[in-house]
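# Geometric and topological summary
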Amino acid sequence: MENTSSSSLTGKVAVVTGASSGIGRAVAGALAAEGAAVVLAARRRERLEDDARELQGSGARAVAVQTDVTSLGEMRALVARAVDTFGRVDIFVNNAGIMPLSPLTEARVEDWTRMVDVNVNGVLHGIGAVLPHMLERGSGHIVNVGSIAGRRPFPGGTVYAATKFAVRCLSWGLHLELGAEHGIRTTDIQPGYVDTELIDTVPDAAAREAWAERWADKRALQADDVAQAVLYAVTSPPHVAVSEVLVRPLDQPT
Ligand SMILES: NC(=O)c1ccc[n+]([C@@H]2O[C@H](COP(=O)([O-])OP(=O)(O)OC[C@H]3O[C@@H](n4cnc5c(N)ncnc54)[C@H](OP(=O)(O)O)[C@@H]3O)[C@@H](O)[C@H]2O)c1
């Protein structure tokens, strides 16, 4: 039987937001290891530059671009820089996200709007910035990092889950509007709990400690486990749309 799968991203160009830590950093490393040129985006410039140097040292093509996803102008500049540097964008990973959890009763409205700004508007900015380029080329793959919370809310995470429901809806709609007609693929990656710095964005120390306690004797996912799910989606044959990937720890029942 003919093997139609591609195992290499040589010649492809990928942009990854939130590449300065956790899942985004692992995704960028995994894409680079498969041969893609990678554009690392986040706010912490030094981390990105260190990682870009390390990737270059291992023979990859990599560049760091300090970017705040809440700025449409910066996201457009990010895409322009990727095209200037590497000639095109094949894969755009909307990964940047924050999770300042709190019960609705605390009415931490500023945290809610910050989450919407990064987790929803940031994704919209990514889509809006890269789409004209992908439409012009008639191909591309947008990977959105949603969450298992995009399928069901959890106490203290209602607004976070709402942002991830939005990411799931946007991903679905992208496939509807752009898949068959424009050749643009979309994947919503939905991780369960991953051991990253994300939990540090929870403002309430007691909630952070409760989380740590809950996971103390359980095995969380590692960022690279999620990166492998992204690799699976982006290296699938061109006629395959891996629309959603729910990947969670075996120790996470819901
Ligand atoms: N960890 C989990 O359990 C889990 C589960 C499901 C889904 N996710 C999702 O996975 C994604 C990555 O999270 P993670 O777990 O890897 O957390 P992380 O280690 O805290 O990484 C978050 C990344 O987002 C970036 N970021 C935050 N605000 C930004 C902004 N305004 N502009 C640009 N970049 C920004 C951060 O970089 P800078 O601070 O340098 O800007 C960082 O690189 C998020 O969308 C998260 O919701 C995580």
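Read on for a plain summary of the structure. Predicted model, so just to flag it, every value in this text is computed and none were measured.

Rules used throughout
Residues numbered from 1 in each chain as written. Predicted model: local features only at pLDDT ≥ 70, side-chain atom pairs only at ≥ 80, totals over all residues. Heavy atoms only, no water. Helix = DSSP H or I, 4+ residues; strand = E, 2+ residues; numbered from the N terminus. Buried < 20%, exposed > 50% of the residue type's maximum accessible area, 1.4 Å probe, protein only. Polar contact = N/O pair within 3.5 Å; in protein donor to acceptor, adjacent residues only side chain to side chain. Near = heavy atom within 4 Å. Nonpolar A, V, L, I, M, F, W, Y, C, P; charged D, E, K, R; others polar. Expected span 1.5 Å × (residues − 1). Bend = angle between axes of the 7 residues up to and from the residue. Contact = heavy atoms within 4.5 Å. Axes fitted to C-alpha atoms, helices over the stretch in contact; angles between N-to-C directions. Parallel < 35°, antiparallel > 145°, perpendicular 65-115°, else oblique. Left-handed = near helix turned anticlockwise from the far one by under 90°. Phe/Tyr/Trp six-rings, centres within 6.5 Å; stacked < 30°, edge-to-face > 60°. Pairing = 2+ DSSP bridges. Right-handed = clockwise from strand over helix to strand, strands pointing away.

A few words on the side chain of T187. Relative to the elements of secondary structure, T187 occurs in strand β6 (residues 184–191). Since its relative accessible area comes to 0%, T187 is described here as buried. In terms of polar contacts, T187 uses its side chain to reach the backbone carbonyl oxygen of V242, at 2.7 Å.

Close to the ligand lie 29 residues, the nearest being S21, R43, R44, Y160 and T196. At 2.9 Å, a backbone N or O of V69 approaches a nitrogen atom of the ligand. Within the backbone of N95, a nitrogen or oxygen atom sits 2.8 Å from an oxygen atom of the ligand. Those elements that provide at least two residues to the shell around the ligand are α1 (22–33) and α5 (158–182). Its residues assigned to classes, the shell around the ligand comprises 13 nonpolar, 11 polar and five charged.

Its 25 residues place the ends of α5 34 Å apart at the C-alpha level, agreeing with the 36 Å of an ideal helix rising 1.5 Å per residue. Residue H175 marks the point of greatest curvature in α5, where the axis turns by about 35°. Within the span of α5, buried status applies to V159, Y160, A161, T163, K164, V167, S171, L174, L178 and G179. If you follow the buried residues of α5, they end up packed against α4 (109–137), β5 (140–145) and β6.

Once that is clear, we can look at the packing of helix α3 (residues 72–86) against α4. For the pair α3 and α4, the least separation of the axes is 9 Å and the interaxial angle reads 40°. Looking at the two axes, α3 sits oblique to α4. Classified by chirality, the crossing of α4 by α3 is right-handed. Each of L72, M75, R76, V79 and V83 in α3 lies in contact with α4, whose residues at this interface are G122, H125, G126, A129, V130 and H133.

Attention shifts here to the packing of aromatic side chains. With the rule as written, the count across this model stands at two aromatic pairs. On the numbers, 5.3 Å between centres and 70° between planes, the contact of Y193 with W211 is edge-to-face. Note that Y193 is positioned in the loop between β6 and α6 (205–215) and W211 in helix α6, a separation of 18 residues in sequence. The burial state of Y193 is the same as that of W211; both residues are buried. For the ring pair Y193 and W215, a centre distance of 4.7 Å and an interplane angle of 45° mean the geometry is tilted. Of this pair, Y193 sits in the loop between β6 and α6 while W215 sits in helix α6; the two residues are 22 residues apart in sequence, bridging distant segments of the chain.

In terms of burial, strand β2 (residues 37–42) is a largely internal element, six of the six residues being buried. Because side chains alternate across β2, one face comprises the buried residues A37, V39 and A41, and the other comprises V38, L40 and A42, equally buried. Across five bridges, strand β1 (residues 13–17) lies against β2 in parallel orientation. Each residue of the ladder has a partner; that of V15, found in β2, is V39. Note on the crossover from β1 through α1 to β2: the handedness is right-handed. When β2 meets strand β3 (residues 62–66), the two strands line up parallel, connected through five bridges. Its bridge partner being in β3, V38 is matched across the sheet by A62.

These values are about where atoms sit, not about what they do.
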